[in-house]
Amino acid sequence: MKNKTPIKILFVISLFDRLGGAEKNLRDVLLNLDKKKFKPYVIAFKGGFLTHFISTQGIHVEVYNIGKLLSLHTILKAIALLKFIRSEGIDIVVSY
């Protein structure tokens, strides 16, 4: 049996701080993914408790600190997101 490279999944969420429905779902998915088959990444527009907690679990987490949706900062972060997806070789993007 050959060693397969884990599938790289990027989860994008607007707020990853409080434990609401989407946040709880994402936390549960991240903690229960088979790490031999999947390599998860998280990008949050705003972070907090959950971004810190998930990063302590060995999962790559970035916070972009996006406030206004229509701003130069947001456009630059969108470009950074595309570069990240390409540089990491992300296979799947899941947005919340």
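Everything numeric here is computed off the predicted structure, so don't read it as measured data.

A.B. asks: Any chance you could explain the pattern of salt bridges here in plain terms?
C.D. replies: Where charged atoms from two side chains of opposite charge come close, those side chains can pair. In the structure shown here, the tally under the stated rule is two salt bridges. A salt bridge links D28 to K24, with the shortest nitrogen-to-oxygen separation between them at 3.3 Å. With D28 and K24 both in helix α1 (residues 21-32) and four residues apart, the pair spans about one turn of that helix. D28 sits in the partly exposed class, given a relative accessible area of 26%. Residue class for K24 comes out partly exposed when judged on its relative accessible area of 41%. Across the salt bridge formed by D28 and R27, the nearest N and O atoms sit 2.7 Å from each other.

A.B. asks: Before we go on, may I ask you to explain the sheet that holds strand β3 (residues 60-63) in this structure?
C.D. replies: Paired through backbone hydrogen bonds, the strands of a sheet run either parallel or antiparallel to each other. The four strands lie next to each other as β3-β2-β1-β4, forming an open sheet whose pairing is parallel. Across the chains shown, the open sheet's two edge strands, defined by having one partner strand only, are β3 and β4 (92-95). Within this sheet the neighbouring strands show an average axis-to-axis angle of 20°, counted without direction. Bridging between strand β2 (residues 38-47) and β3 involves four bridges; their strand directions are parallel. Pairing of V42 across the sheet is with V61, part of β3. Those strands touched by α1 are β1 (7-16) and β2, and its axis lies near 155° from that of β1.

A.B. asks: What is the right way to look at the confidence of the model for the chain in this model?
C.D. replies: Looking at the chain, the pLDDT average stands at 92 and 97% of residues meet or exceed 70. Across the chain, element-level confidence peaks in β4 with a mean pLDDT of 97 and bottoms out in helix α2 (residues 49-55) with 93.

A.B. asks: Honestly, α1 in this entry has me stumped. Any pointers?
C.D. replies: Note that an α-helix has 3.6 residues per turn; residues three or four places apart therefore point the same way. Between its first and last C-alpha, α1 extends 17 Å over twelve residues, near the 16 Å set by a 1.5 Å rise per residue. Where α1 is concerned, the buried positions are E23, L26, R27 and L30. Seen end-on, α1 carries its buried residues on one side only, within an arc spanning 100°. In α1, the exposed residues that point more than 90 degrees away from the buried face are G21 and N32. On its buried face, α1 is in contact with β1, β2 and α2.

Parameters and conventions
Residues numbered from 1 in each chain as written. Predicted model: local features only at pLDDT ≥ 70, side-chain atom pairs only at ≥ 80, totals over all residues. Heavy atoms only, no water. Salt bridge = Lys/Arg side-chain N within 4 Å of Asp/Glu carboxyl O. Helix = DSSP H or I, 4+ residues; strand = E, 2+ residues; numbered from the N terminus. Buried < 20%, exposed > 50% of the residue type's maximum accessible area, 1.4 Å probe, protein only. Pairing = 2+ DSSP bridges. Axes fitted to C-alpha atoms, helices over the stretch in contact; angles between N-to-C directions. Contact = heavy atoms within 4.5 Å. pLDDT = per-residue confidence, 0-100. Expected span 1.5 Å × (residues − 1). Arc of directions from axis to C-beta.

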